[in-house]
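Results of the structural survey
The residues making up each chain are set out below.
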Amino acid sequence: MSSQLHLIASFGNQGQVGLKNARPWVVPAELQHASDTIANATVIMCLATFQSLGYALPKRRNIVVTDQVGFLPGVEVVPTIERALELVKYDHRVFVIGGVPLWSQALPHATHLVLSEVNYNGVADTLLPAPFFARVRNEFRLNHLRHQEEFTATYWIRHGHR
């Protein structure tokens, strides 16, 4: 496996992550933070995340985990997170960018987390489940946080990892 597997996610104050397959908020600074964080890194995503983006992210390796389709333009398609992790074992920086089921499947393999809490209390149809946050608190230590007006980015490292 890659020496570092990162999960990156943003969520509202109650764990909200999506509404109708899109982010339920518009926070340009948070979107820029996420974009800067994953720049030039391999990204792994589920089909719904790929469809919400509408295209492969440029200048990087894109892997979509799905058993629903066999080909998507500009990406590698694999049926499981385990297969995706096999493919990236020699990639230096790898980020799982969504969605919720994939974050949950990848969490046991992750060494680092970049979690951004957005100041959002509105409606959502997709949430990160409470057990996800419990695992984060139990298996990772908070390494750093960066507070901005509309969101706070937190950086976590798995216990026992540098």
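About the criteria used
Residues numbered from 1 in each chain as written. Predicted model: local features only at pLDDT ≥ 70, side-chain atom pairs only at ≥ 80, totals over all residues. Heavy atoms only, no water. Pairing = 2+ DSSP bridges. Helix = DSSP H or I, 4+ residues; strand = E, 2+ residues; numbered from the N terminus. Axes fitted to C-alpha atoms, helices over the stretch in contact; angles between N-to-C directions. Contact = heavy atoms within 4.5 Å. Phe/Tyr/Trp six-rings, centres within 6.5 Å; stacked < 30°, edge-to-face > 60°. Buried < 20%, exposed > 50% of the residue type's maximum accessible area, 1.4 Å probe, protein only.

A word on the sheet that holds strand β3 (residues 42-46)
The strand order across the open sheet formed by eight strands is β5-β4-β3-β6-β1-β7-β10-β9, and the pairing between neighbours is mixed. The outermost strands of the open sheet, each flanked by one partner alone, are β5 (76-78) and β9 (140-147). Across the sheet, the axes of successive neighbouring strands diverge by a mean angle of 20°, strand direction being ignored. For strand β1 (residues 5-11) and strand β7 (residues 112-118), the ladder comprises six bridges, and the chain directions are parallel. Across the sheet, the residue bridging to Phe11 is Glu117, located in β7. Contacting β1, β7, β9 and β10 (151-158), helix α5 (residues 130-139) runs over the sheet at an angle of about 105° to β9.

Topic: the packing of aromatic side chains
By convention here, two paired aromatic rings are described through the distance between centres and the angle between planes. Evaluated as defined, the whole model comprises three aromatic pairs. Plain terms: the ring middles of Phe11 and Phe133 are 5.1 Å apart, the flat faces sit at 70° to each other, and that makes the pair edge-to-face. Remark: Phe133 occurs in helix α5 and Phe11 occurs in strand β1; sequence separation between them is 122 residues. Per residue, the accessibility class of Phe11 equals that of Phe133, and both read buried. Centre to centre, the rings of Trp25 and Tyr120 are 5.5 Å apart; their planes meet at 55°, and the pair counts as tilted. Of the two residues, Trp25 is situated in the loop between β2 (16-18) and α1 (28-37) and Tyr120 in the loop between β7 and β8 (126-127); the sequence distance between them amounts to 95 residues.

So, the environment of Val78
Within the secondary structure layout, Val78 lies in strand β5. A relative accessible area of 4% places Val78 in the buried class. As a C-alpha pair, Val78 and Val64 span 14 residues in sequence and 6.3 Å in three-dimensional space. Discounting chain neighbours no more than four positions away, the residues touching Val78 are Ile63, Val64, Val65, Thr66, Arg83, Ala84 and Leu87.

Structural measurements only, silent on function.
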